[in-house]
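Commentary on secondary and tertiary structure
These are the residues of each chain, in order.
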Amino acid sequence: MSAMSPLPQALLAALQAEFGERCSTALAVREQHGRDESVFDVPPPQAVVFAEREAEVARVVALCARHRVPVIPYGAGSSLEGHLLAVRGGISLDLSRMNAIVRVAAEDLTVTVQPGVTRKQLNEALKHEGLFFPIDPGADASLGGMAATRASGTNAVRYGTMRENVLALRVVNAHGEVVRCGSRAKKSSAGYDLTRLVVGSEGTLGVITELTVKVHPLPEAVSAAVCFFPGIAAAVRTAMQVIQLGVPIARCELLDTNAVRAVNAHDRLGLKESPMLLMEFHGSEAGVAEQAAVVQAVAADHGGEAFEWATTPEARTRLWTARHHAYLSGLQMRPGCRAVTTDTCVPISRLAENIEASIAEVEAAGLPYFIVGHVGDGNFHMAYLIDPGRPEELETAERLSAQMAARAIALDGTCTGEHGIGLHKQRFLVDEAGDEAVAAMRAIKQAWDPLGILNPGKVFSG
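Quick summary incoming for the structure in this document. (Residues numbered from 1 in each chain as written. Predicted model: local features only at pLDDT ≥ 70, side-chain atom pairs only at ≥ 80, totals over all residues. Heavy atoms only, no water.)

Observations regarding the sheet that holds strand β8 (residues 166-172)
Two modes of strand pairing occur in sheets, parallel and antiparallel, and in both the strands are linked by backbone hydrogen bonds. Taken in spatial order, the five strands line up as β5-β6-β10-β8-β9 in an open sheet, and their pairing is antiparallel. Of all the strands in the sheet, the pair left with one neighbour each is β5 (101-105) and β9 (178-182). If you compare each strand with its neighbour and ignore which way they point, the axes differ by 10° on average. Where β8 lies against β9, five bridges are found, and the strand directions are antiparallel. Across the sheet, Arg 170 pairs through a bridge with Arg 180, a residue of β9. Set on the sheet, helix α3 (residues 54-67) makes contact with β8, β9 and β10 (207-214); between it and β8 the angle comes to about 50°. Of the strands in this sheet, β5 and β6 (110-113) are in contact with helix α4 (residues 119-126), which crosses β5 at around 45°. (Pairing = 2+ DSSP bridges. Helix = DSSP H or I, 4+ residues; strand = E, 2+ residues; numbered from the N terminus. Axes fitted to C-alpha atoms, helices over the stretch in contact; angles between N-to-C directions. Contact = heavy atoms within 4.5 Å.)

Right, here's the structure in full:
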């Protein structure tokens with residue numbers, strides 16, 4: 001089906017008959033489901049269906065398969081690389097109403113949820129059990145979308161990413177059949193690991209309808225701290241040394257001067273406007289104090305100063321809320337702008353080199369920018385702020401983004417640590433994985449989705 005093919009009337013009639021008002025062709029609804037946080041502008045999906053049960057997801061996919069019409073899973077709409085865009089038309093399948101917490105198995109440290117459950121919703125429910133779900137990409141994303149994009153975020157340095165924290169899935173395949181992947185057991189040697197195959201597949205292999213994930217006990221003690229540095233290199237090298245020393249720090253986030261300035265203006269924090277590390281420590285009271293002392297000494301060796309502690313929940317929340325607002329705060333630095341955001345991840349020993357080179361390039365180009373990064377695991381994000389009325393700025397941002405991705409690959413890293421491939425990074429996949437690996441991925445896609453209806457146009461170019 002080409003991007004301009006009309007939606008078959010027989011399909012639309014069947015969807016409207018079965019879903020009634022939950023099948024919408026209203027322009028406002030379609031436009032809402034046709035935009036994410038990327039800079040891509042494409043026509044919206046031709047219809048939106050709101051599913052409330054797994055059987056309904058299976059029915060929608062089966063109908064679309066019969067008519068060879070694309071299906072694009074939709075969660076919270078917070079993706080950054082065009083994952084949810086209907087580049088070839090079709091049906092946006094909204095899973096946000098499938099938001100039930102199916103089972104909390106506190107004794108096993110697992111929880112089973114529907115895909116529309118958001119991380120904040122889950123943690124609100126878990127806190128009464130003394131548990132929490134650690135994956136925190138910033139946005140209040142849905143867990144289905146987080147699994148589909150292999151999300152990570154601020155806690156990944158200690159708790160890992162969705163890849164490590166998803167134990168089992170229920171997935172509707174391209175034929176409208178439900179496939180069960182994995183179990184609640186902590187490990188398995190039974191056959192191919194289909195769970196890890198689906199996690200990170202960006203909706204191109206199936207539609208996730210249920211997840212079982214690991215949860216963790218709430219730590220006895222939590223402490224957050226900020227520390228300011230004379231330059232980016234000093235801050236990054238502090239983070240590198242902390243990781244190399246084996247300090248079990250829970251979060252280690254970098255904000256460059258531009259990002260600190262932005263969150264100060266947005267959240268009225270009054271932070272010193274210089275490169276900053278925002279860190280958090282989890283454990284026992286004695287363990288947290290020991291970790292903090294080691295990190296403070298390392299920071300001092302690199303010129304770190306003005307160490308500030310936030311030990312109360314209110315103070316910690318204020319700091320982390322500001323960090324999560326960094327993207328929106330940064331946009332306000334240039335009213336009316338759009339952000340071209342990109343991320344890379346490299347071995348921790350190459351991180352300073354990667355960031356410094358990226359800064360030199362953007363400053364030479366003269367584009368406004370800001371940087372935030374999960375520097376504890378070698379991952380950082382660059383946001384280029386462009387005037388949408390000046391195409392040459394978009395061209396410059398794309399050139400800089402390409403240089404940054406190519407450099408990360410050359411440093412034995414990856415073109416994306418957590419944003420995913422989507423539409424934006426398809427050209428780098430062969431450079432990173434190699435022709436043979438991409439051919440294997442295409443073969444898997446063909447085997448799982450022979451009609452090419454599942455989120456087509458994503459991951460692979462052409």
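Next, the rest of the story.
Some remarks on α4
Those residues of α4 not exposed but buried are Arg 119, Leu 122 and Leu 126. Each buried residue of α4 lies within a common arc of 65° when the element is viewed along its axis, so the set occupies one face. Contact partners of the buried residues in α4: β5, β6, β7 (131-132), α5 (143-148) and α12 (313-324). (Buried < 20%, exposed > 50% of the residue type's maximum accessible area, 1.4 Å probe, protein only. Arc of directions from axis to C-beta.)

Overview of the pattern of salt bridges
Across all of its chains, the model carries 26 salt bridges by this definition. Between Glu 56 and Arg 53 there is a salt bridge, and its shortest N-O distance comes to 2.6 Å. As a salt-bridge pair, Glu 356 and Arg 237 come within 3.8 Å of each other at their nearest N and O atoms. Placement of Glu 356 in helix α14 (residues 351-365) and of Arg 237 in helix α9 (residues 232-244) is noted, with a sequence separation of 119 residues between them. What makes Arg 237 partly exposed here is its relative accessible area of 37%. Taken together, the shared-partner salt bridges connect Arg 22, Glu 52, Arg 53, Glu 56 and Arg 97 into one network. (Salt bridge = Lys/Arg side-chain N within 4 Å of Asp/Glu carboxyl O.)

Let's talk about the pairing of strand β18 (residues 379-386)
β18 sits mainly inside the fold: eight of its eight residues count as buried. Burial along β18 is two-sided: Asn 379, His 381, Ala 383 and Leu 385 and Phe 380, Met 382, Tyr 384 and Ile 386, pointing in opposite directions, are all buried. Sheet topology note: the strand β16 (residues 338-345)/β18 ladder contains eight bridges and is antiparallel. By the bridge assignment, Arg 338 is partnered in β18 with Ile 386. Relative to β18, strand β17 (residues 369-374) runs antiparallel, the two sharing six bridges. For Tyr 369, the partnering residue across the bridge sits in β18 and is Tyr 384.

Looking at the layout of surface pockets
Vacant regions in the atomic arrangement are exposed by a probe of water-molecule size rolled over the atoms. Roughly 840 Å³ of internal volume is contained in the second largest pocket. Lining the second largest pocket are 35 residues; nearest its centre among them are Arg 150, Val 199, Gly 200, Thr 414 and Thr 416. Those elements that provide at least two residues to the lining of the second largest pocket are α7 (162-165), α8 (194-198), α16 (426-433) and α17 (435-448). Taken together, the residues that form the lining of the second largest pocket break down as 13 nonpolar, 13 polar and nine charged. (1 Å grid on protein atoms, 1.4 Å probe; cavity = no way out; pocket = protein on both sides within 12 Å on 5 of 7 lines; lining within 4 Å. Points joined across faces, edges and corners; volume = space filled by probe spheres on them. Nonpolar A, V, L, I, M, F, W, Y, C, P; charged D, E, K, R; others polar.)

Some words on the sheet that holds strand β1 (residues 23-24)
Pairing in this open sheet of four strands is mixed, and the strands run β1-β2-β4-β3 from one edge to the other. Looking at the sheet topology across the chains shown, the edges are occupied by β1 and β3 (71-74). In terms of strand pairing, β1 meets strand β2 (residues 47-50) through two bridges, oriented antiparallel. When the bridges of β2 are listed, Cys 23 appears paired with Val 49. Against the sheet, α3 contacts β2, β3 and β4 (91-94), and its axis sits at roughly 170° relative to β4.

Concerning the packing of helix α1 (residues 9-19) against α3
Two elements in contact, α1 and α3, have axes whose closest approach is 10 Å; the angle formed by their N-to-C orientations is 165°. By the angle between their directions, the pair α1 and α3 is classed as roughly antiparallel. Of the two elements, α1 crosses α3, and the hand of that crossing is right-handed. On the side of α1, the interface is formed by Ala 10, Leu 11, Ala 14, Leu 15, Glu 18 and Phe 19, while α3 contributes Glu 56, Arg 59, Val 60, Leu 63, Cys 64 and His 67. The residue makeup of the contact of α1 with α3, split by class, is eight nonpolar, one polar and three charged. (Parallel < 35°, antiparallel > 145°, perpendicular 65-115°, else oblique. Left-handed = near helix turned anticlockwise from the far one by under 90°.)

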